[in-house]
Amino acid sequence: MSDDQDEAEAFRTLLRGLRVPHAGDLPVFDPDTAPDAPLPLFRRWLREAAESGEPGPHTMSLATAGADGRPSQRTVMLHDADERGWHFGTHRTSRKGRELTENPYASLAFHWMRPGRQVRVSGRVREAGPEASAADLRGRSPAALAAALAGSGRQSETLGSYEELLRAFEAAYERAGREPDATAPTWTLYVLEADEVEFYQEEARRRHVRVRYLRAPEEPGGWRRELLWP
């Protein structure tokens, strides 16, 4: 067997031996106790993930696709979740911002390993507007403000050199300290208005519980709830 084959087999062995770490016993999710609408359950699950010690429970995968239909994915932070939808921010000139202009639909995915839970949210995305976007930026940390200022109009563009990045960030940090209410013209708060939300609870014997909510204005709470095979 060649060295390349040995390495490939060792990699497959590594993957087969990996296990997902959980914090003790997994919680039990009785689907009959699920509320009529997904937002209260999502808020409870995120809070419980944070209380379990899950690192970065507010981080999520964001999937978008442009006019060509080719998907792209990245990890971003949740800024809020309310009756309007799930909120996140980015530069509208970034790849995800451009794709949302071309195709205003997206999907979010949360994965909390400690409680063995996932949540998937999909639907139409809209811009929250200039005032909400500016307020979102003001509510962020000085480091996040500096990053937004440095990346305004440039996120996802080709970078000439790492030194160029360092110079831009030094100037942005200096401005953020001098102008804590500074605005980045391209910074945009987006709201995903969900039409589908799925909750997934792992179970030790693989009898995982999947509950899906589908937007249904005629139903109590405006949603239809159903079980899915895992």
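Values in this document were obtained by computation on a predicted structure and should not be read as measured data. (Residues numbered from 1 in each chain as written. Predicted model: local features only at pLDDT ≥ 70, side-chain atom pairs only at ≥ 80, totals over all residues. Heavy atoms only, no water.)

Peer 1: I tried to follow the overall build of the protein on my own but got confused; where do I start?
Peer 2: Looking only at helices and strands, the protein features six helices and nine strands. Taking the principal axes of the C-alpha coordinates as reference, the protein spans close to 65 × 55 × 40 Å. Looking at the protein residue by residue over its 230 residues, the buried ones come to 39%. Of the roughly 13,500 Å² of accessible surface on the protein, 51% is carried by carbon and sulfur atoms. If the 32 positive side-chain charges of the protein are averaged to one point and the 37 negative ones to another, these points end up 1 Å apart. (Helix = DSSP H or I, 4+ residues; strand = E, 2+ residues; numbered from the N terminus. Buried < 20%, exposed > 50% of the residue type's maximum accessible area, 1.4 Å probe, protein only. Areas by Shrake-Rupley, 256 points an atom, 1.4 Å probe, with all protein chains shown as cover. Lys, Arg positive; Asp, Glu negative; His and termini not counted. Charge placed at Lys NZ, Arg CZ, Asp CG, Glu CD.)

Peer 1: Help me understand the environment of V28 in this model?
Peer 2: With respect to the helices and strands, V28 occurs in the loop between α1 (3-17) and α2 (38-51). It is 7.8 Å that separates the C-alpha atoms of V28 and E203, two residues lying 175 residues apart in sequence.

Peer 1: What's the story with the side chain of D136 in this structure? I'm lost.
Peer 2: Within the element layout of this structure, D136 appears in helix α4 (residues 130-138). In this structure D136 is buried but unpaired, with R140 as the nearest side chain of opposite charge at 5.1 Å. Look past the residues within four positions of D136 in its chain and what remains in contact with it is H79, W187 and L189. (Salt bridge = Lys/Arg side-chain N within 4 Å of Asp/Glu carboxyl O. Contact = heavy atoms within 4.5 Å.)

Peer 1: I'm lost on the nonpolar core in this one. Help?
Peer 2: The tendency in soluble globular proteins is for nonpolar side chains to be buried side by side. Counting 33 residues, the largest nonpolar core has F42, W86, F110, V119, V197 and F199 as its most contacted members. The set of elements that each furnish at least two residues to this core consists of α2, β1 (59-65), β4 (85-91), β5 (105-112), β6 (117-127), β7 (187-201) and β8 (209-215). For this core, the element with the most residues is α2, which contributes six residues. Within the second largest apolar cluster, eleven residues are counted, among which are A148, A172, A182 and A184. (Core = buried A, V, L, I, M, F, W, Y, C linked by side-chain atoms within 4.5 Å.)

Peer 1: Quick question: what am I supposed to make of the packing of helix α5 (residues 142-151) against helix α6 (residues 162-178) here?
Peer 2: Two numbers describe a pair of packed helices, the interaxial angle and the distance between the axes. Contact geometry for α5 and α6: axes closest at 8 Å, N-to-C directions at 125 degrees. With respect to α6, the axis of α5 lies oblique. Remark: the crossing between α5 and α6 carries right-handed chirality. Residues P142, A143, L145, A146, A147, L149 and A150 of α5 form the contact with α6, whose own contacting residues are A168, F169, A172, Y173, R175 and A176. Grouping the constituent residues of the contact of α5 with α6 by class yields twelve nonpolar, no polar and one charged. (Axes fitted to C-alpha atoms, helices over the stretch in contact; angles between N-to-C directions. Parallel < 35°, antiparallel > 145°, perpendicular 65-115°, else oblique. Left-handed = near helix turned anticlockwise from the far one by under 90°. Nonpolar A, V, L, I, M, F, W, Y, C, P; charged D, E, K, R; others polar.)

Peer 1: Please explain the environment of D136 as it appears in this structure.
Peer 2: Here D136 falls in the buried class, since its relative accessible area comes to 13%. Residues D136 and T188 lie 52 residues apart in sequence; the distance between their C-alpha atoms is 8.5 Å. Engagement of the side chain of D136 in a polar contact is seen with the side chain of H79, the distance being 2.7 Å. (Polar contact = N/O pair within 3.5 Å; in protein donor to acceptor, adjacent residues only side chain to side chain.)

Peer 1: How should α6 be read in this particular structure?
Peer 2: In an α-helix, one full turn covers 3.6 residues, which means residues spaced three or four apart are oriented alike. For α6, built from 17 residues, the straight-helix expectation of 24 Å at 1.5 Å per residue is met to within 8% by its first-to-last C-alpha distance of 25 Å. For α6, the secondary structure elements touched by its buried residues are α5. (Expected span 1.5 Å × (residues − 1).)

Peer 1: What am I meant to see in the pattern of salt bridges here?
Peer 2: Side chains that differ in charge, positive against negative, can pair when their charged atoms come close. For the coordinates displayed, the defined rule picks out 20 salt bridges. Two residues, E9 and R16, come together in a salt bridge whose shortest N-O distance is 3.1 Å. For E9, a relative accessible area of 32% corresponds to the partly exposed category. The exposure class assigned to R16 is exposed, which follows from its relative accessible area of 51%. For the salt bridge of E48 with R117, the shortest nitrogen-to-oxygen distance reads 2.7 Å. Remark: R117 occurs in strand β6 and E48 occurs in helix α2; sequence separation between them is 69 residues. Assessed through its relative accessible area of 28%, E48 is described here as partly exposed.

Peer 1: Would you take a moment to explain α5 for this structure?
Peer 2: Burial analysis of α5 places seven of its ten residues in the buried class, the great majority of the element. Residues of α5 that are buried: A144, L145, A146, A148, L149, A150 and G151. On the buried face of α5, the contacting elements are β4, α4, α6 and β7. Count one or two residues on from α5 and you reach G153, which has phi positive near 75 degrees.

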